[in-house]
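Reading the structure
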Amino acid sequence: MTLAPNDALRLSNAPAVYPAFFNAVFAGMPAEQAHHVGFSMIKATEKSGVSAGLRAALRPKADVATTVMGLNFPSPFGLAAGFDKQGIGTAALADLGFGHIEVGTITGQAQPGNPEPRLFRLVEDEGLINRMGFNNDGAEAVAPRLAATRRRLTRRYGRTRPVLGVNIGKTKVVELDDAVEDYVVSTRLLARHADYLVVNVSSPNTPGLRQLQQIESLAPLLETVQYHADRSTGRRVPLAVKIAPDLADDDVSAVAAMAQELGLAGVIATNTTISREGLVTDIETVESFGAGGVSGKPVRQRSLEVLDLLRAELDTDTAVISVGGVTDGADVIERLRRGADLVQGYTAFLYQGPFWAGRINRDLHRNLRAWK
């Protein structure tokens, strides 16, 4: 079965199609089940050959390409960590037009994550609450998948392939005092397969993890990960740290100073928030979902504020990757104009559907003067 590029392009230009599909197919499912079903459909398009047409239709134009952290990105817009936690469908996702895909979060040991239900829609807010808890198969199992993905992407795209990021975090059962060695386990196994590596210390769903954002803990962790990444690959691996929107402004500035001092390649801002302020969804519904991080539109304003803080503090050699509440091409362009080097999205993907990245790429192409 095939899908002609022109047919794929017509579908992607009809944004009203997917909301009707979402309401008919996904709206009645639990959020995590809907995610698995949707992801399975994306992987099936690749296996059947349908996604070859998508690839041709949604692929970014050459003029939106950018070089960041020494890497060539076919588009400044990519998919944030959290969608493909296991590295099981990265090449299929690349066919949808993302300039990069960040796999993970991956931990040193396999773990099931938190008990279900653990993912909840905030439809009125175009957001999500999640307390997934880094559910993944562990670095040793994911490593060969990433190796295979790199080979597949290179065969399909050559030198202009989408960039592969790898996001690593702490195993839940590992004590904070042993966290550095746990990150090193993942680094040694995964760095060789990553175009860039991300240290995640900002998820609210692993007990104690956010304590690692304190500079006295974070600096030695990042230094150690960088050392082992470079040593295990024989090259300088671009390393970024992902921070929470809930950091105080002074703490964001401290992270920026530390990033420059250590020579980090970038800072990713931001992860989900523990705040429930400003939600449209009624408070009883929100409270019924329980703990977890909020993503999507509710985090947009703080994400922009952190972007502005970081860009003011960092020199141009340190990339800022902006994520949080990104919905459309106008959002991406705004962040690029405010100094982001790359932009990521995730939550809106669930609401906007498989042609989302392709539409954003076209907006970037049509408005080059606005952001380049």
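Residues numbered from 1 in each chain as written. Predicted model: local features only at pLDDT ≥ 70, side-chain atom pairs only at ≥ 80, totals over all residues. Heavy atoms only, no water.

**Looking at the overall build of the protein chain**
Along the backbone of the protein chain there are 15 helices and 13 strands. Principal axes of the C-alpha set define a box for the protein chain whose edges measure 55 × 50 × 40 Å. When each of the 372 residues of the protein chain is scored for burial, the buried share is 59%. Sequence separation of at least 24 residues holds for 74% of the intrachain contacts in the protein chain that already meet a minimum separation of 6. Of the charged side chains in the protein chain, 40 are positive and 41 negative, and the gap between their average positions amounts to 11 Å. (Helix = DSSP H or I, 4+ residues; strand = E, 2+ residues; numbered from the N terminus. Buried < 20%, exposed > 50% of the residue type's maximum accessible area, 1.4 Å probe, protein only. Contact = heavy atoms within 4.5 Å. Lys, Arg positive; Asp, Glu negative; His and termini not counted. Charge placed at Lys NZ, Arg CZ, Asp CG, Glu CD.)

**Some words on the pairing of strand β6 (residues 127–130)**
Residues Gly 127 and Ile 129 of β6 are buried on one face, and the alternating residues Leu 128 and Asn 130, pointing to the opposite face, are buried as well. Alignment of strand β5 (residues 119–122) against β6, held across four bridges, turns out to be antiparallel. Across the sheet, Leu 119 pairs through a bridge with Asn 130, a residue of β6. From the end of β5 to the start of β6, which pair antiparallel, there are four residues, and Glu 126 there has a positive phi angle of about 50°. Strand direction decides the pairing type here: β6 and strand β11 (residues 293–296), joined by four bridges, are antiparallel. Residue pairing in the sheet places Asn 130 in a bridge with Gly 293 of β11. (Pairing = 2+ DSSP bridges.)

**Examining the packing of helix α6 (residues 139–157) against helix α7 (residues 179–190)**
The N-to-C vectors of α6 and α7 enclose an angle of 25°; their axes lie 9 Å apart at closest approach. One element, α6, and the other, α7, form an angle in the roughly parallel class. Considering how the two elements wind past one another, α6 and α7 form a crossing that is right-handed. Residues Ala 139, Glu 140, Val 142, Ala 143 and Leu 146 of α6 touch α7, and the partners they reach there are Ser 186, Leu 189 and Leu 190. Considering only residue class, the contact of α6 with α7 consists of six nonpolar, one polar and one charged. (Axes fitted to C-alpha atoms, helices over the stretch in contact; angles between N-to-C directions. Parallel < 35°, antiparallel > 145°, perpendicular 65-115°, else oblique. Left-handed = near helix turned anticlockwise from the far one by under 90°. Nonpolar A, V, L, I, M, F, W, Y, C, P; charged D, E, K, R; others polar.)

**Quick look at the pairing of strand β8 (residues 196–200)**
For β8, the buried fraction is high: five of the five residues fall into the buried class. Residues Tyr 196, Val 198 and Asn 200 line one face of β8 and the alternating positions Leu 197 and Val 199 line the opposite face, and both faces are buried. As defined by bridge partners, strand β7 (residues 163–169) adjoins β8 across four bridges and the pair is classed as parallel. Looking across to β8, one finds that Gly 165 is bridged to Tyr 196. The β-α-β motif built from β7, the intervening α7 and the parallel element β8 has right-handed crossover chirality. In terms of strand pairing, β8 meets strand β9 (residues 239–243) through four bridges, oriented parallel. Residue pairing for β9: Asn 200 is matched across the bridge by Lys 242. (Right-handed = clockwise from strand over helix to strand, strands pointing away.)

**Quick notes on the sheet that holds β6**
Spatially, the three strands line up as an open sheet ordered β5-β6-β11, and their pairing is antiparallel. Edge strands, defined here as strands with exactly one partner in the open sheet, are β5 and β11. Going across the sheet, the axis of each strand differs from the next one's by a mean of 25°, ignoring polarity.

**A few points about the pattern of salt bridges**
By the definition in use, this model includes 20 salt bridges. Glu 46 serves as the salt-bridge partner of Arg 152, at 3.4 Å between the closest nitrogen and oxygen. With Arg 152 in helix α6 and Glu 46 in helix α3 (residues 31–48), this residue pair connects regions lying 106 residues apart in the sequence. Between Asp 341 and Arg 311 there is a salt bridge whose closest N-O contact spans 2.8 Å. Taken together, the residues Asp 341 in the loop between α12 (329–337) and β13 (342–345) and Arg 311 in helix α11 (residues 300–313) connect sequence positions 30 residues apart. The exposure class of Asp 341 is partly exposed, given its relative accessible area of 22%. Take Arg 311: its relative accessible area is 17%, and that puts it in the buried class. The network of salt bridges with shared partners includes Glu 46, Arg 55, Asp 95, Arg 152 and Arg 156. (Salt bridge = Lys/Arg side-chain N within 4 Å of Asp/Glu carboxyl O.)

**Some remarks on helix α14 (residues 356–366)**
Spacing of three or four residues puts side chains on the same side of an α-helix, whose turn is 3.6 residues. Burial analysis of α14 places eight of its eleven residues in the buried class, which makes it a mostly covered element. Buried within α14 we find Trp 356, Ala 357, Gly 358, Arg 359, Ile 360, Asn 361, Arg 362 and Leu 364.

**Side note on a negative patch on the surface**
A grouping of Glu 124, Asp 282, Glu 284 and Glu 287 is seen on the molecular surface, where their side chains present a negatively charged patch. Note on placement: Asp 282 falls in the loop between β10 (266–269) and α10 (283–289). The partly exposed category is assigned to Asp 282, whose relative accessible area is 35%. (Patch = residues over 30% accessible without salt bridge, like charges linked within 9 Å, V, L, I, M, F, W, Y side chains within 5 Å. Areas by Shrake-Rupley, 256 points an atom, 1.4 Å probe, with all protein chains shown as cover.)

**Notes on α3**
Spanning 18 residues, α3 covers 26 Å between terminal C-alpha atoms, matching the ideal 26 Å at 1.5 Å per step. Buried residues of α3: Ala 31, Glu 32, Ala 34, His 35, Gly 38, Phe 39, Ile 42 and Glu 46, and no others. For α3, the angular spread of buried residues about the axis comes to 160°, placing them on one side. Remark: Gly 49 follows α3 within two positions and exhibits a positive phi of approximately 95°. (Expected span 1.5 Å × (residues − 1). Arc of directions from axis to C-beta.)

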